[in-house]
Amino acid sequence: MKNLFYLLLVLVSCSNQKKSSMKETIQIDISAIPIDKQFTYAVSVGVFTSYELYINDIAAEKDYDPGSQAAIEINPYLLGNGKHKIRLRLLPIQGKDLIDPEGYELSHFKLVKYIKNPSGKGLKYNEEIMKLPLPPMPTPLPYVEMEWEVEIKDLPYKLEGWKNSKVFKKEDSLEIKKQVVAYYEELRGILNDGNTDEWIKRTLTKRKEIGIVEYSSKNYINNTIKKAKEIVKKECHNNMISIEDFDLFYYAGGRILSLERKRTDSFRGIDVNIKGWSVLIYDNGEDIWSLPALIHIPKNDNTFEIIR
């Protein structure tokens, strides 16, 4: 079964992020934002075929199982208020060439909004923003793709993210792929060595921004710091598998890059299609986990950085 572990929210400040090992904890002050204004947007999914969901041209979910019921939070791909694009791509289930019409007709999607429970723990349904209707499919097709634009006005945050990041061109893909593979190999080495401090440093920006979009409390951050250290040191150490059988993906208009595994019928003895998994995968003999790492090069920099 596909397991994705998101190492989020270890918020660390370095006087020099790339050279210094000195760190201090950064507090995210969410007390100024009332709980009933801490909005989380999500795409509610009830699907009976494979699908891919893109928010602002970034893959938020790739699910190739035959059926899924989920609420996929999309705040990590919303850098602030304004117009945002939602793109949905429906595909045949594993082993089929065409989408099953019955499964297609039973599938449904909608954009919804949540707020935090008054206790601050978990989310509760707030309202439906819009349905994401599927067009008729008179005959089975190899794929169906739809896109919607929605304007969001009530997010209480604004992030830099990848707004001004370097734009990579697909026509330069051979050279870019070499650079990207080299960086992912660095990341794999860090994880395989169990080097918690270096992993934290490499994911600093991601952790800061995810902390903001999830309106994270101090306790949640501290608990995640502890869990991240345990995972990197105990699970990733000497258990990272080799980087192979992947494709290079360009997201956000070429500002974000990702190495993702190709389609499989089985993986390490398990009947599963790992298409779309990050190439950073560990296998500890009991569990197999994929650690997402979308990368970019920030403005006025020349070094890759994990952004999501």
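The preceding data block contains the structure.
This one's a predicted model, so the numbers in the text were calculated from it and none came from an experiment.

Another aspect to go through is the packing of aromatic side chains. A complete count under the given rule lists nine aromatic pairs for this structure. Their ring planes at 15° and their centres at 6.0 Å tell us that Phe249 and Tyr251 sit as a pair that is stacked. The class for Phe249 is partly exposed, based on a relative accessible area of 24%. The class of Tyr251 is buried, set by a relative accessible area of 2%. Put simply, the rings of Tyr54, Phe249 and Tyr251 pair up and form one aromatic cluster. It is Lys62 that lies over the ring of Phe249; its NZ or CZ is 3.8 Å from the centre. Just above the ring of Phe39 sits the side chain of Lys113; from NZ or CZ to the centre is 4.2 Å.

Another point: unusual backbone geometry. With a phi angle near 65°, Asn238 is a residue other than glycine that sits in the positive phi range. Along the chain, the position of Asn238 falls in the loop between α5 (218-236) and β11 (246-251). Residue classification places Asn238 among the exposed residues on the basis of a relative accessible area of 57%. The backbone of Asp245 shows a phi angle near 50°, a positive value even though the residue is not glycine.

Next up on the list: the sheet that holds strand β6 (residues 68-73). With respect to topology, four strands assemble into an open sheet ordered β6-β3-β8-β9, the strand pairing being antiparallel. In this open sheet, the two edge strands, each paired with only one partner strand, are β6 and β9 (123-131). Neighbouring strand axes in the sheet, compared pairwise and without regard to direction, differ in orientation by 30° on average. Two elements, strand β3 (residues 40-47) and strand β8 (residues 108-116), share seven bridges in a ladder whose sense is antiparallel. Looking at β8, one finds that Val45 is bridged to Phe109.

What follows concerns the sheet that holds strand β10 (residues 144-152). The strands making up a sheet associate through hydrogen bonds between their backbones, and the pairing can be parallel or antiparallel. Spatial ordering of the open sheet is given by β5-β4-β7-β10, a layout of four strands whose pairing is antiparallel. The open sheet has two edge strands with one neighbour each: β5 (58-63) and β10. Strand after strand, the sheet turns through a mean of 15° between neighbouring axes, direction not considered. Two elements, strand β7 (residues 82-91) and β10, share nine bridges in a ladder whose sense is antiparallel.

Conventions and cut-offs
Residues numbered from 1 in each chain as written. Predicted model: local features only at pLDDT ≥ 70, side-chain atom pairs only at ≥ 80, totals over all residues. Heavy atoms only, no water. Phe/Tyr/Trp six-rings, centres within 6.5 Å; stacked < 30°, edge-to-face > 60°. Buried < 20%, exposed > 50% of the residue type's maximum accessible area, 1.4 Å probe, protein only. Lys NZ or Arg CZ within 6 Å of the ring centre and 35° of its normal. Helix = DSSP H or I, 4+ residues; strand = E, 2+ residues; numbered from the N terminus. Pairing = 2+ DSSP bridges. Axes fitted to C-alpha atoms, helices over the stretch in contact; angles between N-to-C directions.

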